[in-house]
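# Observations on chain architecture
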Amino acid sequence: MDDGDSFDPSVEILIALLGSSSSNAFDSVTASVRPDIYSNYRRLKEQAVNDYLELKKIGANPSKDFDLCGKEKENYVPCYNVSANLVAGFKDGEEFDRHCEVSRDQQYCLVRPPKEYKIPLTWPSGRDVIWSGNVKLSKDQFLSSGSMTKRLMLLEENQISFHSDDDEMIVDGVKDYSHQIAEMIGLGSDTEFREAGVHNVLDIGCGFGSFGAHLLSLKLMAVCMAAYETTGSQVQLALERGLPAIIGNFISRQLPFPSLSYDMVHCTQCGIFWDDKDGMFLIEVDRVLKPGGYFVLTSPKSRQQGSKVSISTPFEEYTRKLCWNLVAQQEETFIWQKTTDAHCYISSKHGSFPLCNGEDGQSYYKPLAQCISGTASNRWIPIQNRSSGSLGSAELAVHGINPEDFSEDLEFWRSSLRNYWSLLSPLIFSDHPKRPGDEDPMPPYNMVRNVMDMNAHYGGLNTALLEARKSVWVMNVVPVGEHNTLPIILDQGFAGVLHNWCEPFPTYPRTYDMLHANGLLSHLASEKCNLVDLIFEMDRILRPEGWVIISDKVGPIEIARTLVTQLRWEARVIDLQNGSDQRLLVCQKPFVRK
């Protein structure tokens, strides 16, 4: 008889497993939860059989824990295997691009932390001091870095210290540079960025994140984006500081953002030859910039003409064809402003790039295009015309969202956040024993610096965290295949990205403190993705002692719980007691050394 038609005796063991749990910190929180998930045994037995067969189909063995990966994978990032990409025929720089289809790793193992790894310092002190053993940065790389970097960071025996925003000893430092940019666009101070319509910034090649850290202190969302690096990674170091960052580059594909996403794109010595590929890199900047947005370029490689620094002739031609206006130049810093006139691309006397056919929809690593997009969008609204507060009914109408739906969604997440925090607070105290030299841990607003919302919808969890004054930022992920709500997330000034959860996420191991997924497991099933791959990816990007909250239907939740226990996670299913089949799976990743 075929396995799919027979009853496996191990199902009886599985039923016992799903109905039991060891005595631990979770018990005190879930003592009031009903012991019986279903109202009768037959339904429980049928569900257990279905779940077990699903586990067999995806290749999991409920009786075996997975092993740790070798030391060579301590900083493993899938999809960026240059050797495999070369063998596959990628060249002319494309071997450095993201190619998940080439480097599929079928070996399931847990990425271990480095031997010297330590739990990051609590926020906000962890923004300015990190453990050097947590990142792959050598003293030689530090010594070969620029003078600005040396002024902004200090490499000690086991720590890397960054000068804080309040350090007045830095001359011509980040604060002065930010103030210079503000003055160049006609502002009195960088504290006026938001009033000028600048709410979010894409910082390309962000170094070690000091400019982004300063912008965050001004209540601006600055997302660092830099290429994958095997060592000395800008993205890894920025995330270790608790700053928003993601791996990405300008090579052959569009960035995973929709058109009209950012108010400012910034590049300081970011290593990109902007006039390569017939201007397609600049076209991509134009695509993600909102009308009236700014492109800030600081580069010592600009041509010198007499006593004046200038940009190369092809670059100038491309900016004219893009209808950009050079608003200011001071020494090596240039600032262009994108046009607010969508008709300029057609009527420009300098000639123009053609308009793209249709809108870009979900721009998920599509090939770079030599055409202008976004001009026909309802979201073609100059940044100077946008309100600085929360989105009103007019702004929601632009996105095709009913204000009542948006309000109900936000109220749901306000309530959910209160429940999450009341649930996690006692666990933080009981599951985090005092380590030598540490003070007693505080509630999770100090233990959690960042949250990845893996199915963010409107960004309601992000809003609720801000309203509750939790000192965290959220990476809002909109799964490919879901309704594309990323534009409204970005228009609220939040960090966000499109992502296909059938693939690994573009980040380094151990970079997030908490992962949150509402309905993602059901979405994954509809996309026919492998749940085992997703759980291992979550383990890779979650730091030791980090937290996971998954909300979904009871079937996928129980399958996920069986899997995560094989990863040595502490896990407990919470019945919401609301009469629905929705459950919470609350997990904590252990600090495993070997």
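Remember, it's a predicted structure, so these values are computed and weren't measured experimentally. (Residues numbered from 1 in each chain as written. Predicted model: local features only at pLDDT ≥ 70, side-chain atom pairs only at ≥ 80, totals over all residues. Heavy atoms only, no water.)

Glancing now at the pairing of strand β3 (residues 159–162). Where burial is concerned, the two faces of β3 agree: the one with Q159 and S161 and the one with I160 and F162 are both buried. As defined by bridge partners, strand β1 (residues 129–131) adjoins β3 across three bridges and the pair is classed as antiparallel. Counted as the bridge partner of W131 is Q159 from β3. (Buried < 20%, exposed > 50% of the residue type's maximum accessible area, 1.4 Å probe, protein only. Helix = DSSP H or I, 4+ residues; strand = E, 2+ residues; numbered from the N terminus. Pairing = 2+ DSSP bridges.)

Packing of helix α8 (residues 174–184) against helix α9 (residues 210–217) leaves a shortest axis separation of 10 Å and a crossing angle of 70 degrees. For the element pair α8 / α9, the angle class is roughly perpendicular. Crossing angle aside, the handedness with which α8 passes α9 is right-handed. From α8, V174, K175, Y177, S178 and I181 reach across to α9, where they touch S210, F211, H214 and L215. When the residues that make up the contact of α8 with α9 are grouped by side-chain class, the tally is five nonpolar, three polar and one charged. (Axes fitted to C-alpha atoms, helices over the stretch in contact; angles between N-to-C directions. Parallel < 35°, antiparallel > 145°, perpendicular 65-115°, else oblique. Left-handed = near helix turned anticlockwise from the far one by under 90°. Contact = heavy atoms within 4.5 Å. Nonpolar A, V, L, I, M, F, W, Y, C, P; charged D, E, K, R; others polar.)

A complete count under the given rule lists 22 aromatic pairs for this structure. Consider the rings of F406 and Y458, whose centres lie 5.6 Å apart with planes at 40 degrees: the pair is tilted. Highlighted residues: F406 in helix α15 (residues 403–431) and Y458 in the loop between β13 (450–453) and α17 (460–467), separated in sequence by 52 residues. Both residues of the pair, F406 and Y458, belong to the buried class. Connected via pairs of aromatic rings, a cluster forms that spans F250, W274, F281, F295, F315, W324, F334 and W336. Above the ring of W131, the side-chain terminus of K118 is found at 4.2 Å from the ring centroid. Above the ring of F353, the side-chain terminus of K321 is found at 4.5 Å from the ring centroid. (Phe/Tyr/Trp six-rings, centres within 6.5 Å; stacked < 30°, edge-to-face > 60°. Lys NZ or Arg CZ within 6 Å of the ring centre and 35° of its normal.)

Time to look at the sheet that holds strand β18 (residues 570–575). Sheet strands pair via backbone hydrogen bonds, and the direction of the pair is either parallel or antiparallel. Spatial ordering of the open sheet is given by β15-β14-β13-β16-β17-β19-β18, a layout of seven strands whose pairing is mixed. Each edge of the sheet is formed by a strand with only one pairing partner; in this case those strands are β15 (495–499) and β18. For this sheet the average axis-to-axis angle between neighbouring strands, irrespective of direction, equals 15 degrees. On top of the sheet, helix α20 (residues 531–541) reaches β13, β16 (512–518) and β17 (542–553); it is set at about 145 degrees to β17, its chief contact. The strands touched by helix α21 (residues 554–566) are β17, β18 and β19 (582–588); relative to β17, the strand with the most contacts, the crossing angle is about 160 degrees.

Glancing now at the state of the cysteines. Evaluation of the coordinates by the stated rule reveals seven disulfides. One disulfide bridge connects C267 with C270, the sulfur atoms lying 2.0 Å from each other. Residues C267 and C270 are joined through a disulfide that is left-handed, its torsion about the S-S bond being -85 degrees. For the pair C267 and C270, a shared accessibility class is recorded, and that class is buried. The partner cysteine of C502 in its disulfide is C529, sulfur to sulfur 1.5 Å. Separated by 27 residues along the polypeptide, C502 in the loop between β15 and β16 and C529 in the loop between α19 (520–526) and α20 bring together distant segments of the chain. For C502, a relative accessible area of 25% corresponds to the partly exposed category. (Disulfide = S-S within 2.5 Å.)

Right, let's talk about the nonpolar core for a bit. W274 and F295 are the most contacted members of the largest nonpolar core, which has 109 residues in total. By residue number, the principal contributor to this core is α20, which donates seven residues. If near-sequence neighbours (up to four positions away) are discounted, W274 is found in contact with I204, F250, C267, G279, F281, L282, V285, F295, L297 and F315. One finds V174, L187, A196 and V296 within the second-largest nonpolar core, a separate group that totals 22 residues. (Core = buried A, V, L, I, M, F, W, Y, C linked by side-chain atoms within 4.5 Å.)

Along the polypeptide, N200 turns up in strand β4 (residues 200–204). On the basis of relative accessible area, N200 is assigned to the buried category, the value being 0%. At 2.9 Å, the side chain of N200 and the backbone nitrogen of D263 are in polar contact. Not counting the four nearest positions on each side in its chain, N200 is found in contact with M221, S261, Y262, D263, M264 and L490. (Polar contact = N/O pair within 3.5 Å; in protein donor to acceptor, adjacent residues only side chain to side chain.)

On to α9, then. Summarising burial for α9: six of the eight residues are buried, a large majority. All of the buried residues in α9 are S210, F211, G212, A213, H214 and L215. Remark: K219 follows α9 within two positions and exhibits a positive phi of approximately 70 degrees.

All right, on to the sheet that holds strand β11 (residues 325–330) then. Within the open sheet, the seven strands sit side by side as β6-β5-β4-β7-β8-β12-β11. Their pairing is mixed. Each end of this open sheet is capped by a strand with a single partner; those strands are β6 (245–247) and β11. Here the average twist between neighbouring strands, direction ignored, is 20 degrees. Taken together, the six bridges between strand β7 (residues 262–268) and strand β8 (residues 289–298) define a ladder with parallel strand orientation. Counterpart to T268 in the pairing with β8 is T298. On the sheet, α9 packs against β4, β5 (221–226) and β7 and is oriented at approximately 165 degrees with respect to β5. Strand contacts of helix α11 (residues 280–288): β7 and β8, with the helix running at about 135 degrees to β8, the strand carrying the most contacts.

The interhelical angle for the contact between α20 and α21, taken along N-to-C directions, is 55 degrees, at an axis separation of 10 Å. Viewed along their axes, α20 and α21 adopt a mutual orientation that is oblique. For α20 against α21, the interelement crossing comes out right-handed. Residues L531, V532 and I535 of α20 form the contact with α21, whose participating residues are I559, A560, L563 and V564. Across the contact of α20 with α21, the residue classes break down as seven nonpolar, no polar and no charged.

Our focus in this paragraph is the environment of F281. Here F281 shows up in helix α11. Distance in space between the C-alpha atoms of F281 and L368 is 7.9 Å, their sequence separation being 87 residues. Discounting residues that sit within four places of it in the chain, F281 has contacts with F250, I251, I272, F273, W274, D276 and L368.

Glancing now at the pattern of salt bridges. Scanning all chains against the criterion turns up 18 salt bridges. Residue E284 is joined to R287 by a salt bridge in which the shortest nitrogen-to-oxygen separation is 2.8 Å. Placement of the pair is E284 and R287 together in helix α11, with a separation of three residues, close to one helical turn. This pair shows no difference in class: E284 is buried, exactly as R287 is. (Salt bridge = Lys/Arg side-chain N within 4 Å of Asp/Glu carboxyl O.)

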